[in-house]
Amino acid sequence: PESKAMFPRGAARLASHAAPPIARVSGEAAAHAAAERLADDIRAAREGGRLVVDLALEDVAEAWLLRDRISADPEELEVLKTSLRERGQQAPIEVVDLGPAAAPRYGLVSGWRRLTALRALAAEGAAGLAVRALLRRPETTADAYRAMVEENEIRVGLSYYERARITAEAADRGIYPDRAAALAGLFAAASRAKRSKIGSFMRLHDALGARLAFPAAIPERLGLALARALEDAGFAARLADRLRKARPASAEAELALLEKALAERGPAADGLVANGPAARTPGAGRDRPVAVPDEARPEDGGDAALPAAPGKVHLRRLETGGILIYGTGADRAFEADLAAWIAARQDRD
């Protein structure tokens, strides 16, 4: 009776279930160790570029890198906005942490179109929007540029002009020691023929970049023909002035101007010529002109004459190496077709 008075039934039950001090300490230690492991995992994910976070739109600096994509197609952007509105953001953008003192805090590596579409939705009144981002840690700025280019090449391929522009600018800004290194670094997975075309478009960027309003719309064949024609400094200056004065208001108008300028120039001395204008002799100096006869004759210089192709296009194998193509059929259309055939053959190789 006395014991029952001193220890009520409820108290006795509580005492029997109370954990001993050593068990309490062990449980707290286990919880602390688990929290430390979780913090280590998060830190390792952040440092390894595997951590996905939600960021405020204004906390991402899209101009941290020079963007490789010049503009977004309005129709494609609307499709992307519709997808984001209905399904949310399915793939994260990629950013780097610029440090607590930076404003904005994060620099955009890839995902410019997604960020642009999300900002457009926010401007239209969509509430509570954030951007899902993967925190990356590129070793160098060059690695960041390559990540941006490769992501865009996989998702929506860049135009040849955009590829040439980012290559030239990355080299000119000192990200790479020179343009050859920039081309090899940014497009390491591209074929030799593709890198050659990008190099040709760099000539277009250098000569007309400041005057072109819609350069990403220039198709491959027109761009390659322009690049060859722009080796003529006089033509380059005239075309730049023509663009400055015309100031085309649409991509279609600008392309028409470029095509017209090229057609008016005619089959000038750029390696494929007709009816006897100057041609460049392989191995004898890049700009050294030689006379080309109307018909191939075996006795001229000892070169072996090859059969003439239809349409008065003639071939001559030169002693110095290579083949000379000339004749009335060696016009711009023939040149473009030949360049496309050579590029396709190199891609297969």
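Residues numbered from 1 in each chain as written. Predicted model: local features only at pLDDT ≥ 70, side-chain atom pairs only at ≥ 80, totals over all residues. Heavy atoms only, no water.

> Would you take a moment to explain the environment of Ala168 for this structure?
Position of Ala168 relative to the elements: it lies in helix H7 (residues 160-172). A residue is classified by how much of its surface remains accessible, and Ala168, at 0% relative accessible area, is buried. Taking the C-alpha atoms as reference points, Ala168 and Ala182, 14 residues apart in sequence, are found 7.5 Å from one another. (Helix = DSSP H or I, 4+ residues; strand = E, 2+ residues; numbered from the N terminus. Buried < 20%, exposed > 50% of the residue type's maximum accessible area, 1.4 Å probe, protein only.)

> What is the right way to look at unusual backbone geometry in this model?
Glycine aside, negative phi is the norm for most residues, and most peptide bonds take the trans geometry. The omega torsion across Ala103 and Pro104 is 0°, close enough to zero to call that bond cis. Residue placement: Pro104 occurs in the loop between strand S3 (93-97) and strand S4 (106-110). Residue Arg247 is not a glycine yet carries a positive backbone phi of 45°. Residue placement: Arg247 occurs in the loop between helix H11 (233-246) and helix H12 (251-265). We classify Arg247 as exposed; its relative accessible area is 68%.

> Could you clarify how one ought to interpret the pairing of strand S5 (residues 131-136) in this entry?
As a general feature of sheets, a regular strand has side chains that alternate between the two faces. As judged from the five bridges shared by strand S1 (residues 51-55) and S5, these two strands associate in the antiparallel manner. Bridge pairing links Val52 to Leu134 in S5. Where S3 and S5 come together, four bridges link them in parallel fashion. Bridge pairing in S5 places Glu94 opposite Leu134. (Pairing = 2+ DSSP bridges.)

> Just checking my understanding: could you explain the sheet that holds S4 for this structure?
To summarise the sheet geometry, strands pair through backbone hydrogen bonds and adopt either a parallel or an antiparallel arrangement. Pairing within the open sheet is mixed, and its five strands lie in the order S1-S5-S3-S4-S2. At either margin of the open sheet sits one strand with a lone partner, and together these are S1 and strand S2 (60-61). Note that S3 and S4 share four bridges and pair antiparallel. Each residue of the ladder has a partner; that of Val95, found in S4, is Leu108.

> What is the right way to read the pattern of salt bridges from this model?
Pairing is possible between side chains that carry opposite charge, provided their charged atoms lie close to one another. Summed over the entire model, instances satisfying the criterion amount to 17 salt bridges. One salt bridge in this structure joins Arg105 and Asp97, with 2.6 Å as the shortest N-O distance. Among the ionic pairs, Arg242 bridges to Glu264, the shortest N-O distance being 2.9 Å. Placement of Arg242 in helix H11 and of Glu264 in helix H12 is noted, with a sequence separation of 22 residues between them. Classification of Arg242 as partly exposed rests on a relative accessible area of 28%. Three or more residues are tied together by salt bridges with common partners; here these are Glu78, Lys81, Arg85 and Glu124. (Salt bridge = Lys/Arg side-chain N within 4 Å of Asp/Glu carboxyl O.)

> Is there a simple way to explain the nonpolar core in this structure?
Nonpolar side chains in soluble globular proteins tend to be buried together. Leu239 and Leu258 are the most contacted members of the largest nonpolar core, which totals 44 residues. Breaking this core down by element, the ones donating at least two residues are helix H6 (141-155), H7, helix H8 (179-186), helix H9 (192-208), helix H10 (220-229), H11 and H12. Looking at this core, the element that brings in the most residues is H7, giving seven residues. If we ignore the near neighbours within four places in the chain, the residues touching Leu258 are Leu212, Ile218, Leu222, Leu226, Leu239 and Leu243. Among the nonpolar cores identified, the runner-up in size contains 20 residues, and Ile93, Leu115, Ala117 and Val131 belong to it. (Core = buried A, V, L, I, M, F, W, Y, C linked by side-chain atoms within 4.5 Å. Contact = heavy atoms within 4.5 Å.)

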